[in-house]
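Inside the fold
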Amino acid sequence: MGIFHCPFGCPHYEAEGCIDCGLCVATTNEEMVEASKKVRAYLKEHAKQGGPIQKIAVCGKGGVGKSTTVTLMAKALASLGYTVLVLDTDESNPGLYRSLGFEQMPKPLLSLMSRFSYTGEAEDDTHWIMLPEIKITDIPPDFIPAEDNIRFLMVGKIDNPFQGCACSMADVTRGLVARLALGENEIFLIDMEAGVESFGRGVERSVDLVLSITEPSFESMALAEKIVYMAEGMGIDRVGALLNKVPSETIKEKMIAELEKRNVKTLGTIHFDQAVQDAGFDGRPPVNTNAGEEVKEIAQLLINIVQQASG
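Residues numbered from 1 in each chain as written. Predicted model: local features only at pLDDT ≥ 70, side-chain atom pairs only at ≥ 80, totals over all residues. Heavy atoms only, no water.

Moving on, we get to the overall build of the protein chain. Secondary structure assignment for the protein chain yields nine helices and eight strands. Among the 311 residues that make up the protein chain, the fraction classed as buried is 48%. (Helix = DSSP H or I, 4+ residues; strand = E, 2+ residues; numbered from the N terminus. Buried < 20%, exposed > 50% of the residue type's maximum accessible area, 1.4 Å probe, protein only.)

The next thing to look at is the confidence of the model for the protein chain. Averaged over all residues, the pLDDT of the protein chain is 82; the fraction at 70 or higher stands at 78%. Ranking the elements of the protein chain by mean pLDDT puts helix α1 (residues 29-45) last with 70 and helix α7 (residues 249-261) first with 97. Across residues 115-122 the pLDDT falls below 50, and counting only partners more than four positions away or on other chains, this stretch makes 17 contacts in the model. (pLDDT = per-residue confidence, 0-100. Contact = heavy atoms within 4.5 Å.)

Here we come to the environment of Trp128. Its location among the elements puts Trp128 in the loop between α3 (96-99) and β3 (146-147). In this structure Trp128 comes out as buried when scored by relative accessible area, which is 0%. Linking Trp128 and Asp138, residues ten residues apart in sequence, is a C-alpha distance of 6.2 Å. With residues near it in sequence (within four places) discarded, Trp128 still touches Leu109, Leu112, Ile134, Asp138, Ile139, Pro140 and Phe143.

It is worth spelling out the sheet that holds strand β4 (residues 150-154) at this point. The strands making up a sheet associate through hydrogen bonds between their backbones, and the pairing can be parallel or antiparallel. Within the open sheet, the eight strands sit side by side as β3-β4-β2-β5-β1-β6-β7-β8. Their pairing is mixed. Here the strands that pair on one side only, and so sit at the sheet edges, are β3 and β8 (266-271). Across five bridges, strand β6 (residues 209-214) lies against strand β7 (residues 239-246) in parallel orientation. Bridging from a neighbouring strand, Leu211 pairs with Gly240 of β7. Its contacts with the sheet place helix α2 (residues 66-79) against β1 (55-60), β2 (83-88), β4, β5 (186-191), β6, β7 and β8, and it is angled at close to 170° to β5. Of the strands in this sheet, β6, β7 and β8 are in contact with α7, which crosses β7 at around 155°. (Pairing = 2+ DSSP bridges. Axes fitted to C-alpha atoms, helices over the stretch in contact; angles between N-to-C directions.)

Let us look at α7. Over its 13 residues, α7 extends 19 Å from the first C-alpha to the last, a length consistent with the 18 Å expected when each residue adds 1.5 Å. Looking at the buried residues of α7, the elements they touch are β6, α6 (218-233), β7 and β8. One or two positions beyond α7, positive phi appears at Asn263, with a value near 60°. (Expected span 1.5 Å × (residues − 1).)

Below, the discussion takes up unusual backbone geometry. The phi dihedral of Asn263 is positive, around 60°, even though this residue is not glycine. Residue Asn288 is not a glycine yet carries a positive backbone phi of 55°. Relative to the assigned elements, Asn288 resides in the loop between α8 (274-282) and α9 (290-310).

Now for the pairing of β5. Judged by how many residues are buried, β5 sits mostly within the fold: six of six residues are covered. On β5, burial covers both faces: Glu186, Phe188 and Ile190 on one face and Ile187, Leu189 and Asp191 on the other are all buried. Bridge analysis of β2 against β5 gives six bridges, and the strand direction is parallel. Bridge pairing in β5 places Leu85 opposite Phe188.

For α2, spanning 14 residues, the distance from its first C-alpha to its last is 20 Å, which sits close to the expected 20 Å at 1.5 Å a residue. Of all 14 residues making up α2, eleven are buried, and the element is well covered by its neighbours. Residues Lys66, Ser67, Thr69, Val70, Thr71, Leu72, Met73, Ala74, Ala76, Leu77 and Ala78 constitute the buried set of α2. Of the residues one or two after α2, Gly81 is the one with positive phi, at around 95°.

A separate point is the pattern of salt bridges. Inspection of every chain in the model, using the stated rule, returns eight salt bridges. For Asp282, the salt bridge goes to Arg284, with nearest N and O atoms at 3.2 Å. The shortest N-O distance in the salt bridge between Lys296 and Glu293 comes to 3.6 Å. Residue Lys296 and its partner Glu293 are located together in helix α9, separated by three residues, close to a single helical turn. When its relative accessible area of 38% is taken as the criterion, Lys296 is described as partly exposed. (Salt bridge = Lys/Arg side-chain N within 4 Å of Asp/Glu carboxyl O.)

Applying the stated criterion across every chain, the model contains two aromatic pairs. Residues Phe102 and Phe152 carry aromatic rings whose centres are separated by 5.9 Å and whose planes lie at 20° to one another, so their mutual orientation is stacked. Of this pair, Phe102 sits in the loop between α3 and β3 while Phe152 sits in strand β4, and the two are 50 residues apart along the sequence. Taken individually, Phe102 and Phe152 each receive the classification buried, so the pair is uniform in this respect. (Phe/Tyr/Trp six-rings, centres within 6.5 Å; stacked < 30°, edge-to-face > 60°.)

The structure is reproduced here in structure tokens:
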């Protein structure tokens, strides 16, 4: 098989931490499926229970509004006094920094690797990305601009043909998410790439909550079911759907009922808001919107969970 990343970080079969799932030595699709079932069962059994919610992965189908939801959530949490770090991992979305109110893109994390650096040589200051625990204050300012209580990081974008695949981006993201050490009033929002490929790479393994942004469509609700399946199989016990672009209460109730059939819990609703759509079209931050007020209520619920867990 090709390059393999053990879900448990084992350097080789039967190394310390190996659960003898056989995933790394599978030679057929059938063996891989059976090994994956063993991994899923083990992680579900050993899922982290309780604790504060500080690392949140925002997932979903392309076009459902992940980046807009991340923007509104970041602003809501910042208004509640939290320092919010937003990580843009989606190589196809160029505009998240503008939505958050930043004038320029920060230096991408991919520039830490010589192949993707601006000069063709690796950056001099790379020690921080190798730290066993990375604090927000460890990250150089060029990579993490700040605006009020919001900090912004981006992995990088594919800008040209033949530039390569997103595997390097996933490696950088997975390592950062796992080793980022957050303070008491810090929250990490991750705008994931569309679909579920990131789950196959284990990027979400270290998060506390997975939000599946779900619009009123069959494909989006079907993907929400798959996201829940994937997240639970990674040992994440807090996962659910955040309904978005909902045009009416009738559609909301239909979506909740359909998601219930798929064993997907609905965690909140954001109704369709033309003002948000207009802001997205213009490439400017959404301000003073009804959707923003709804997201504030959802953010407050998350904060209540944090406070209850730490109290």
